[in-house]
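Observations on the three-dimensional arrangement
Chain by chain, the residues:
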Amino acid sequence: MSRPDPAFEALLEHLRTTRGFDFTGYKRASLMRRIDRRMAQLGVHDYGDYVDRLELHAEEFTALFNMILINVTGFFRDSEAWELLREQVLPKVVKPERPAEPIRIWSAGCASGQEAYTLAMVLAEMLGPAEFRSRVKIYATDVDDEALAQARQGAYTDREVQGVPPDLLDRYFERAGGRYVFRKDLRRSLIFGRNDLVQDAPISRIDLLVCRNTLMYFTAEAQARILTKFHFGLADAGVLFLGKAERLLSHSALFVPIDLKRRTFHKAPRAHVLDAGLYADPPAAARAELPELDALRNEAMLTVPMPHVVVTADGLLAQTNRQAEMLFGVSRRDVGRPFHDLDVSYRPLELRPGIEQAKTERRTVRVSGVIYARGPEITQFDVQVSPLIGADHQLLGVGVTFHDVTDFRRLQDELEQANLQLETAYEELQSTNEELETTNEELQSTVEELETTNEELQSTNEELETTNEELQSINDELHSINDELQDRTGELDRTNGFLETILTSLSAGVVVLDPDLHVQVWNRQAQELWGLRAEEAVGQHFLNLDIGLPTGHLRPMIRNVLSDGDQPAELSVAAVNRRGRTIDVRVGASALHDKEATVGVIITMEGVDRAHD
């Protein structure tokens, strides 16, 4: 593999920082070939010089992106694949047994829109126009803004509609200005927006995802990330429809073929994906670092960007974060105090009734529109009181979270005002259109300008819907990850408790040493025998412990067990217990194995008081 060209990588970074296009996931060979072709057209031979040209001539970005993003598409391209989709795939996607359920389609890499409009025609033929309008949403995305602008118009030349059967052309297109324009009543079900498959989040809960001959432009690593996003975005019974040029051989665990030749796949069940290791389980070593995890959890709690306090089941303050300290004056010095003694319990609102309700009903209680004034500054909160339930279904306490919705409420008010203004403007526009219909052809140009303005507003609304879908997808993914972490933490706590019970129940003192004879485990019976607590013994060299046991006499036996792990040993020695009595101690040593290697020694100690002999 050739080494990356620093000048070329600098050009890609310039495109990313100045225009938001990240081409680092594209295959370098094809990417360099297209950029070199554009540079040759300009007579530029150095990547650095081309960066200078881009900085001086902003219009050059458009020409370059048109060269890179070759939008090769068409209506009903690869007719056999569309036939399979119509006859075998879509009948299951439309769910005739649930006629009210929405149908969500995503056309990723839609270019100038022919593929999205093809999907619309196929679904409208199956459902009928009325049901299509009420049930179907087709999200069509691309990174090429110029191609998206053309797709939003839905207008195509005679040559571009050659792939559309004549009967469908008559039903779904209208002739206007020498072009074929897609029906406006069905056009409202198509939402066009910008989405970078590498960087942006996927649209979620998708029933059919169509991405044809787009992945082939990306590197294998970028393809893997995109396919993982596709798997997340698809609904459980979702279908992925690819183009002939794409392969899924290295990611077959994510998708199950319906027809491999025509590149149609079912989403693989989540359990199958987990078994394949594509959603990696945290390493066992990381799970074992419990002290570090506890510190991480505490720090995460402290730095949560919204005020949050935790109250125990009997009404004591258990925890608070920095935001709560700054806003409400509560601090970590108040931990352990009765919550009703603190100002935050009744300011900015009376929390005690909500806390009691959450504890009694075992459900989250929400209070909206709480006003908190600090001098001239007014903050508006939505407060959420959530019960905290332990693994044994016992109430541990409640968590109180203050969500700052000041900006959201202000934006909501502004949006309502804007909507009123838009409604007023729309009514005025409608009235103006009725008046313009009675005028002569000299006013036709004014009508066309108003129609263009309306299309731009519709485009803006579609982009906002796409952004909302992406945020919802990210939120769903975070909830899923949080649930998995909570399940694993519970399992680990139960395992540790079980092991602690076993060690505590043994009548003999038990000590576990590593190969360097440092103490790893020191149970309660060992503490009772020698008077040394576990926190004092763990980590110390066993032979250097200052206890009544002559550990030096045990050195040969322990070394023999380490060198010959299959032969346990036993030795009786005289010792002095923690009460100062002389006792006989029967010491046993056996090897601690990990698969085929010896990783330590288990020492058992049973003492007999000589006074009882």
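Relevant structure appears above.
Computed from a predicted model, the values in this text were never measured in an experiment. (Residues numbered from 1 in each chain as written. Predicted model: local features only at pLDDT ≥ 70, side-chain atom pairs only at ≥ 80, totals over all residues. Heavy atoms only, no water.)

**Considerations on the overall build of the chain**
Here is the rule: To qualify as a helix, a DSSP run of H or I must reach at least 4 residues; to qualify as a strand, a run of E must reach at least 2; elements of each kind are numbered from the N terminus. The cut-offs for exposure are 20% and 50% of the maximum accessible area for each residue type, with area from a 1.4 Å probe on protein chains only; residues under the lower value are buried, those over the upper are exposed, and the others partly exposed.
Tallying secondary structure elements over the chain gives 21 helices and 20 strands in all. Considering the chain as a whole, with its 613 residues, one finds that 40% of them fall into the buried category.

**Here's the deal with the pattern of salt bridges**
Condition: Criterion for a salt bridge: a side-chain nitrogen of Lys or Arg within 4 Å of a carboxyl oxygen of Asp or Glu.
Counted according to the given criterion, the structure contains 31 salt bridges. When the shortest N-O distance is used, the salt bridge between aspartate 407 and arginine 410 registers 2.9 Å. One end of the pair is aspartate 407 and the other is arginine 410, both in helix α17 (residues 406-437) and three residues apart, which spans about a single turn. In this structure, glutamate 535 engages arginine 533 in a salt bridge whose closest nitrogen and oxygen atoms are separated by 3.0 Å. The exposure class assigned to glutamate 535 is exposed, which follows from its relative accessible area of 60%. Connected through shared salt-bridge partners, Lys95, Glu101 and Asp207 make up one network.

**What about the packing of aromatic side chains?**
Note the following rule: In this analysis, rings of Phe, Tyr and Trp, with Trp reduced to its six-membered ring, are considered paired at centre separations within 6.5 Å, and the interplanar angle assigns stacked below 30 degrees, edge-to-face beyond 60, and tilted for intermediate values. Charge-over-ring contacts are defined here by two conditions on Lys NZ or Arg CZ: a distance within 6 Å of the ring centre and an angle within 35 degrees of the ring normal.
Under the defined criterion, the tally for this structure stands at 16 aromatic pairs. Ring centres of tryptophan 82 and phenylalanine 241 lie 5.6 Å apart, and the angle between their planes is 90 degrees; on these two criteria the pair is classed as edge-to-face. In this pair, tryptophan 82 sits in helix α5 (residues 79-93) while phenylalanine 241 sits in strand β8 (residues 234-242), placing the two residues 159 residues apart along the sequence. In this structure phenylalanine 241 comes out as buried when scored by relative accessible area, which is 0%. Summarising the aromatic geometry, the rings of phenylalanine 173 and phenylalanine 182 are spaced 5.5 Å apart at their centres and angled 80 degrees between planes, so their arrangement reads as edge-to-face. Accessibility assignment for this pair places phenylalanine 173 and phenylalanine 182 in one class, buried. Among the aromatic residues, those joined into a ring-pair cluster are Phe75, Tyr117, Tyr156, Tyr172, Phe173, Phe182 and Phe192. A cation over a ring is seen here: arginine 175 above tyrosine 180, with NZ or CZ 4.4 Å from the ring centre.

**Section: the sheet that holds strand β5 (residues 179-182)**
Stated precisely, the cut-off is as follows: Should DSSP find at least two bridges between two strands, the strands are taken to pair. Throughout, a contact is declared for two residues whenever any of their heavy atoms are within 4.5 Å. Only the stretch in contact is used when a helix axis is fitted, and all axes are lines through C-alpha atoms; the angle between N-to-C directions ranges over 0 to 180 degrees.
Pairing in this open sheet of three strands is antiparallel, and the strands run β3-β5-β4 from one edge to the other. Each having just a single partner strand, β3 (155-156) and β4 (173-176) make up the two edges of the open sheet. Direction of pairing for β3 relative to β5: antiparallel, over a ladder of two bridges. Bridge assignment links tyrosine 156 to a residue of β5, and that residue is tyrosine 180. Helix α6 (residues 114-127) contacts β3, β4 and β5 of the sheet and is inclined by roughly 60 degrees relative to β5.

**A word on a negative patch on the surface**
Short version of the rule: For patch building, the residue pool is restricted to those with more than 30% relative accessible area and no salt bridge; the joining distance is 9 Å between like charges and 5 Å between nonpolar side chains (Val, Leu, Ile, Met, Phe, Trp, Tyr). Surface accessibility in these figures is a Shrake-Rupley result with a 1.4 Å probe; residues are shielded only by whichever protein chains are displayed. Residues scored as positive are Lys and Arg, those scored as negative are Asp and Glu, and His as well as the terminal groups of each chain are ignored. Lys charges are placed at NZ, Arg charges at CZ, Asp charges at CG and Glu charges at CD.
On the surface, Asp46, Asp49, Asp52 and Glu55 cluster together to form a negatively charged patch. Relative to the elements of secondary structure, aspartate 46 occurs in the loop between α2 (28-42) and α3 (47-56).

**A closer look at a nonpolar patch on the surface**
Nonpolar side chains collect at one region of the surface, where Leu471, Ile474, Leu478, Ile481 and Leu485 lie side by side and expose about 460 Å² of accessible area between them. Structurally, the position occupied by isoleucine 481 is in helix α18 (residues 444-505). For isoleucine 481, a relative accessible area of 40% translates into the label partly exposed.

**Remarks on helix α11 (residues 220-233)**
Selection rule: Multiplying one less than the number of residues by 1.5 Å gives the expected span of a helix.
Compared with the 20 Å implied by 1.5 Å per residue over 14 residues, the 20 Å span of α11 between its first and last C-alpha is a close match. For α11, the complete set of buried residues consists of Ala222, Gln223, Ala224, Ile226, Leu227, Lys229, Phe230, His231 and Gly233.

**A look at the pairing of strand β17 (residues 519-522)**
A regular strand places its side chains on the two faces of the sheet in alternate fashion. Inspection of the sheet shows strand β16 (residues 509-513) paired to β17 by three bridges, in the antiparallel sense. Looking across to β17, one finds that valine 511 is bridged to tryptophan 522. Taking the residues between adjacent antiparallel strands as the criterion, β16 and β17 are bridged by five residues, where leucine 517 takes a positive phi near 70 degrees.

**As for the environment of glycine 600**
With respect to the helices and strands, glycine 600 occurs in strand β20 (residues 597-609). The spatial distance from the C-alpha of glycine 600 to the C-alpha of proline 515 is 4.9 Å, given a sequence separation of 85 residues. Ignoring sequence-local partners within four residues, the contact set of glycine 600 consists of Leu513, Asp514, Pro515, Leu562, Ser590, Ala591 and Leu592.

**As for the sheet that holds strand β14 (residues 377-389)**
Within the open sheet, the five strands sit side by side as β12-β11-β15-β14-β13. Their pairing is antiparallel. At either end of the open sheet lies a strand with only one pairing partner, and these are β12 (317-320) and β13 (365-374). The mean inter-strand angle of the sheet, taken between neighbouring strand axes irrespective of direction, is 25 degrees. The sheet contact formed by β13 and β14 spans eight bridges and is antiparallel. Residue valine 370 lies in a different strand from β14, and its bridge partner there is phenylalanine 381. Along the sheet, helix α16 (residues 352-361) contacts β13, β14 and β15 (395-404); its crossing angle with β15, the most-contacted strand, is approximately 130 degrees. Seen against the sheet, α17 touches β13, β14 and β15 and runs at an angle of roughly 120 degrees to β14.

**What about the nonpolar core?**
Counted only if it meets this: Nonpolar cores are built from buried Ala, Val, Leu, Ile, Met, Phe, Trp, Tyr and Cys residues. Side-chain atoms within 4.5 Å join them into one set.
Counting residues in each nonpolar core, the largest one holds 43 residues, and the members touching the most others are Phe75, Met121, Ile138, Phe173, Phe192 and Leu208. A total of nine residues in this core trace back to one element, the largest contributor, which is α6. Other than its neighbours up to four places away in sequence, phenylalanine 173 contacts Phe75, Met121, Tyr156, Val164, Leu168, Tyr180, Val181, Phe182 and Arg183. Core analysis: the next-biggest nonpolar cluster, separate from the first, contains 41 residues, Leu15, Ala108, Cys211 and Phe218 among them.

**A word on the packing of helix α1 (residues 6-19) against α2**
What counts is decided by this rule: By the definition adopted for this analysis, an angle is roughly parallel if under 35 degrees, roughly antiparallel if over 145, roughly perpendicular if from 65 to 115, and oblique otherwise.
α2 packs onto α1 with a crossing angle of 80 degrees between their chain directions and a minimal axis gap of 12 Å. Regarding the angle of α1 to α2, the classification is roughly perpendicular. Counting all contacts with α1, which are made through Phe8, Glu9, Leu11 and Leu12, the residues of α2 involved are Arg28, Leu31, Met32 and Ile35.

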